Amino acid sequence: MYIYDSTLRDGTQCEGISFTVLDKIKIAKKLDCLGVDYIEAGNPGSNPKDLEFFKEAKKVRFKHAKLTAFGSTRRANVPVLEDKNIQALLDVDTPAVAIFGKVWDFHVTDIIRTTLGENLHMIYDTVEYMKSKDKEVIFDAEHFFDGYEANKEYALKVLKTAVEAGTDWLVLCDTNGGTFPSEIGGTVSYISSLFDVPIGIHCHNDCDMAVANSIIAVENGAVQVQGTFNGYGERCGNANLTTIIPNLQLKQGRRCISEGHMIDLTDVSRYISELANLSHDSHMPYVGNSAFAHKGGMHVDAIIKNPRSFEHIYPELVGNQRRILMSEVAGRSTILSKIQKVAPWVTKYSEETQKVIDRLKQLEYDGYQFEGAESSLELMIIRALGMEKTFFDVKDFKVICEDHWESEYNASAVIKVAVDGVDEITAADGDGPINALDKALRKALEIFYPQLKSIRLTDYKVRVLDTSYATASKVRVHIETTNGKVTWGTVGVSSNIIEASWNALVDSIEYFLYHEDKLNIIQN
Ligand SMILES: [Zn+2]
């Protein structure tokens, strides 16, 4: 199998994504390490930022992947040698080029407004010219499936033209994402039988079937799959490679990337979402944070006896991990597995287990919820068992909120902490009271623990628990913190939003200090 990644081209069409040139270089290197075969990284004719990327990319030595530039066929009625976009495609000097051409007759006549005959010439001239320049040519047959349904004869003529001009690949695109697997399978099978040129598949996800469509295309003869990491793309996205790669390789035994790199899949997926500045979808198959998270008590009991009972693969195969979620519906064995992480000697019916269960029930009654906040849960267990370490004492804090017309900050915080008997008083301005507190606390603690500079908040959520008390309601604050690679969640509950936030904040810092070594190992 050949994996053709378009995260840096089609993926950037995704609402909310805007990679810098440096981001794109970093992602390209990651994808190369993972072992994808092609990295389609931009359209140099249409976008100066892409041009700059290709310039920078020349300095990078890719171990495996072929960098690919993307562009359209020559424009109508313009000789190929005079088409600036075609020249730009050559100038970036990539080993492979993807040329997209129109297949759907309606697009030819109504959108680019030329004749069906001229469109064939545009395809022929462009592909032939690229071959004369020694490029590997990937011909993307845009809207292939819609075009094939509307006018089979013309759609086949388009493919034949590209083949006669010497294309190395025919990629069949479901550009509008509206085709069903049943149609894709039969059509790909038929097209593969007509041509000697290898077939690729490029699906969009508008019917939530891009992955299924890609798989069925492979089962019917396609040997190249195009897609993006995390399924990023315009509208509903592209075929998601983080699902397709393990589906093909782990379930069907079709080699996509080297076996040794499958365990990097989750890491690469999260890395890309981090650079995209989009929160990682926790329900994504294989790589999502919830992909192997178990909650129901009976399921958890079974998972602990044998993971195969409720998991379709071992999460470690793709670099993910099993998570046991806490809640009052969880059984005693669920809680025990959490306790044993910090106190391996504790057994199912020992006094300590009961102590933790009682504490958990009380906290849940108070409004705590530890799903997604396993770090606070672990700290709660440590405290319930009397095993806590004191990293710092908070002696006092004050928050002042004011409405300053001229100042960009509207809050300030003063805090007094002690570490090993040494007091430290710091103050900080902030955008709101929580931000001021966070800044003041870090400023004070960084003096004693400079490693805290590597962590930062990535998410802050407030949920009102009992709306009947209006502004006196209890709130639950959930925050997420990261050191770049590993993310951990903590929680705090109070009728005072500052106190709830404070508890979650302190937990996030303590958790880091407890696990610093482990978190850094994962990071490397
Ligand atoms: Zn596309």
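Coordinates for the structure precede this section.
Rules used in this analysis
Residues numbered from 1 in each chain as written. Predicted model: local features only at pLDDT ≥ 70, side-chain atom pairs only at ≥ 80, totals over all residues. Heavy atoms only, no water. Helix = DSSP H or I, 4+ residues; strand = E, 2+ residues; numbered from the N terminus. Buried < 20%, exposed > 50% of the residue type's maximum accessible area, 1.4 Å probe, protein only. Contact = heavy atoms within 4.5 Å. Donors = N, O, S within 2.8 Å, 3.2 Å for Na, K, Ca; no water. Axes fitted to C-alpha atoms, helices over the stretch in contact; angles between N-to-C directions. Parallel < 35°, antiparallel > 145°, perpendicular 65-115°, else oblique. Nonpolar A, V, L, I, M, F, W, Y, C, P; charged D, E, K, R; others polar. Phe/Tyr/Trp six-rings, centres within 6.5 Å; stacked < 30°, edge-to-face > 60°. Disulfide = S-S within 2.5 Å. Pairing = 2+ DSSP bridges. Expected span 1.5 Å × (residues − 1). Polar contact = N/O pair within 3.5 Å; in protein donor to acceptor, adjacent residues only side chain to side chain.

Caption draft 1: Local environment of the overall build of the protein chain. Broken down by element type, the protein chain carries 17 helices and 16 strands. Oriented by its inertia axes, the alpha-carbon framework of the protein chain measures out at about 80 × 60 × 45 Å. Out of the 524 residues belonging to the protein chain, those deemed buried represent 52%. Once local pairs closer than 6 in sequence are excluded, the contacts in the protein chain between residues at least 24 apart make up 65%.

Caption draft 2: Quick look at the coordination of the zinc ion. The coordination sphere of the zinc ion, as far as protein atoms go, consists of Asp10 (OD), His202 (NE2) and His204 (NE2), spread over 2.0 to 2.2 Å. Mapped onto the sequence, the donors of the zinc ion take the spacing D-x191-H-x1-H. With Asp10 in the loop between strand 1 (2-5) and helix 1 (21-34) and His202 in strand 7 (residues 199-203), this residue pair connects regions lying 192 residues apart in the sequence.

Caption draft 3: Quick peek at the packing of helix 13 (residues 332-342) against helix 15 (residues 374-384). Running from N to C, helix 13 and helix 15 point in directions that differ by 70 degrees, and their axes come no closer than 10 Å. Judged on the interaxial angle alone, helix 15 and helix 13 are roughly perpendicular. On the side of helix 13, the interface is formed by Lys338, Ile339 and Val342, while helix 15 contributes Glu374, Leu377, Glu378, Ile381 and Ile382. Within the contact of helix 13 with helix 15, the residues separate by chemical class into 5 nonpolar, no polar and 3 charged.

Caption draft 4: Quick look at unusual backbone geometry. For Asn77, which is not glycine, the phi dihedral falls at a positive 60 degrees. On the secondary structure map, Asn77 appears in the loop between strand 3 (66-72) and helix 3 (84-91). Phi angles above zero are rare outside glycine, and Asp208 is one such case at about 60 degrees. With respect to the helices and strands, Asp208 occurs in the loop between strand 7 and helix 9 (210-219).

Caption draft 5: Geometry of the packing of aromatic side chains. Taken as a whole, this structure holds 14 aromatic pairs when the rule is applied. Note on Tyr2 and Trp169: the rings are 5.4 Å apart at their centroids and 70 degrees apart in plane angle, and the pair reads as edge-to-face. Of this pair, Tyr2 sits in strand 1 while Trp169 sits in strand 6 (residues 169-174); the two residues are 167 residues apart in sequence, bridging distant segments of the chain. Residue class for Tyr2 comes out partly exposed when judged on its relative accessible area of 38%. By relative accessible area, which is 5% here, Trp169 ends up buried. Summarising the aromatic geometry, the rings of Phe144 and Tyr148 are spaced 5.5 Å apart at their centres and angled 25 degrees between planes, so their arrangement reads as stacked. With Phe144 and Tyr148 both in helix 6 (residues 144-150), this residue pair falls 4 residues apart, about one helical turn. Of the two residues examined, Phe144 and Tyr148, each falls in the buried class.

Caption draft 6: Broad picture of the state of the cysteines. Counted under the stated rule, the structure contains 0 disulfides. Cys173 provides the cysteine sulfur closest to Cys203, a residue in no disulfide bond, and the two sulfurs are 8.4 Å apart. As a non-bridged cysteine, Cys236 has Cys207 as the owner of its nearest cysteine sulfur, 8.2 Å distant.

Caption draft 7: Region of interest: the sheet that holds strand 1. In space, the 8 strands of this closed barrel follow the order 1-2-3-4-5-6-7-8, with parallel pairing throughout. Across the sheet, the mean angle separating the axes of adjacent strands is 25 degrees when strand polarity is ignored. Strand direction decides the pairing type here: strand 2 (residues 38-40) and strand 3, joined by 3 bridges, are parallel. Bridge pairing in strand 3 links Tyr38 to Lys66.

Caption draft 8: Geometry of helix 7 (residues 152-164). Between its first and last C-alpha atoms helix 7 spans 18 Å; for 13 residues at 1.5 Å apiece the expected length is 18 Å, and the two agree. Where helix 7 ends, the next residue or the one after it, Gly166, has phi of about 105 degrees, a positive value.

Caption draft 9: Examining the sheet that holds strand 12 (residues 411-419) more closely. Strand order in this open sheet of 3 strands is 11-12-13, and the pairing throughout is antiparallel. In this open sheet, the two strands that pair with only one neighbour each are strand 11 (393-401) and strand 13 (422-430). Geometrically, the sheet is characterised by an average inter-axis angle of 10 degrees between neighbouring strands, direction not taken into account. Bridge count for strand 11 against strand 12 is 8 bridges, and the pairing is antiparallel. Looking at strand 12, one finds that Lys398 is bridged to Val414.

Caption draft 10: How the structure looks around the side chain of Arg74. Summarising the element assignment, Arg74 is placed in the loop between strand 3 and helix 3. Residue classification places Arg74 among the buried residues on the basis of a relative accessible area of 5%. At a separation of 2.8 Å, a polar atom in the side chain of Arg74 contacts the side chain of Glu118. Setting aside chain neighbours within four positions, we find Arg74 in contact with Pro79, Val80, Asp83, Ile86, Glu118, His121, Met122, Asp125 and Thr126.

Caption draft 11: Expanded view of the environment of Ile216. With respect to the helices, strands and loops of the structure, Ile216 is situated in helix 9. Judged by relative accessible area, which is 22%, Ile216 ranks as partly exposed. The spatial distance from the C-alpha of Ile216 to the C-alpha of Arg270 is 27 Å, given a sequence separation of 54 residues. Each residue touching Ile216, except ones within four places of it in the same chain, is listed here: Pro181, Ile184 and Gly185.

Caption draft 12: Summary view of the side chain of His204. Within the secondary structure, His204 is located in the loop between strand 7 and helix 9. On the accessibility criterion, His204 (5% relative accessible area) is buried. Among the polar contacts made by the side chain of His204, one reaches the side chain of Asp10 at a distance of 3.2 Å. With residues near it in sequence (within four places) discarded, His204 still touches Asp10, Asp174, Thr175, Gly177, Ala210, Arg235, Gly237 and Asn238.

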